[in-house]
Amino acid sequence: QVHLVESGGGLVQAGGSLRLSCAPSGRTFSGYAMGWFRQAPGKEREFVAAISGSGRNTYYADSVKGRFTISRDNVKNTVYLQMNSLKSEDTAAYYCAASETAWVREEYDYWGQGTQVTVSS
């Protein structure tokens, strides 16, 4: 059974940084596309960032472009989301997602349980 385990969330002041990690268990996702999504209270889940299986292609939501960086270490089978210059509007539960394809697409096949990020102003 596949599990995606997120870590690295927490409470940070506005302008600060956090790095989220996503470590799949049950199988390797090295070479498969992965993404990060977030959901704030009372809002729909939204796309944050995605990375192709090779790591060569990355995609970002306009709201985080220039502040967040998605990366992966296929040897460690881990995907990261470096979040800098955090704003109060970044407060949300952040979810890792994994695809069965190497290229990034809208649908994902596996989801993590989420990690909370709270940015205080």
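Each remark here, short or long, concerns the structure printed above.
Residues numbered from 1 in each chain as written. Predicted model: local features only at pLDDT ≥ 70, side-chain atom pairs only at ≥ 80, totals over all residues. Heavy atoms only, no water.

**Student:** Explain the sheet that holds strand β1 (residues 3-7) here, please?
**Tutor:** Sheet strands pair via backbone hydrogen bonds, and the direction of the pair is either parallel or antiparallel. Ordered in space as β1-β3-β8-β7, the four strands form an open sheet in which the pairing is antiparallel. Looking at which strands have only one partner, the edges of the open sheet turn out to be β1 and β7 (68-73). Across this sheet, the average inter-strand angle for adjacent strands is 20 degrees, counted without regard to direction. As judged from the five bridges shared by strand β3 (residues 18-25) and strand β8 (residues 78-83), these two strands associate in the antiparallel manner. When the bridges of β8 are listed, Leu18 appears paired with Met83. (Pairing = 2+ DSSP bridges. Helix = DSSP H or I, 4+ residues; strand = E, 2+ residues; numbered from the N terminus. Axes fitted to C-alpha atoms, helices over the stretch in contact; angles between N-to-C directions.)

**Student:** Help me understand the state of the cysteines in this model?
**Tutor:** Here a disulfide denotes one covalent bond, and it connects the sulfur atoms of two cysteines. If you walk through the whole model with that rule in mind, you get one disulfide. Disulfide partner of Cys22: Cys96, at an S-S distance of 2.0 Å. Taking the torsion about the S-S bond as the criterion, the Cys22 to Cys96 disulfide, at about -75 degrees, is left-handed. In this pair, Cys22 sits in strand β3 while Cys96 sits in strand β9 (residues 92-98), placing the two residues 74 residues apart along the sequence. Of the two residues, Cys22 and Cys96, both sit in the buried class. (Disulfide = S-S within 2.5 Å. Buried < 20%, exposed > 50% of the residue type's maximum accessible area, 1.4 Å probe, protein only.)

**Student:** Sorry, what's going on with the packing of aromatic side chains here?
**Tutor:** For any pair of aromatic rings, the description consists of the separation of the ring centres together with the inter-plane angle of the planes. One pass over the full model with this rule turns up six aromatic pairs. An aromatic cluster is present here, built from Phe37, Phe47, Tyr108 and Trp111 joined pairwise through their rings. Over the aromatic face of Phe37 sits the side chain of Arg45, whose NZ or CZ is 5.8 Å from the ring centroid. Here the guanidinium or amino end of Arg45 rests over the ring plane of Trp111, the centre of that ring lying 3.8 Å away. (Phe/Tyr/Trp six-rings, centres within 6.5 Å; stacked < 30°, edge-to-face > 60°. Lys NZ or Arg CZ within 6 Å of the ring centre and 35° of its normal.)

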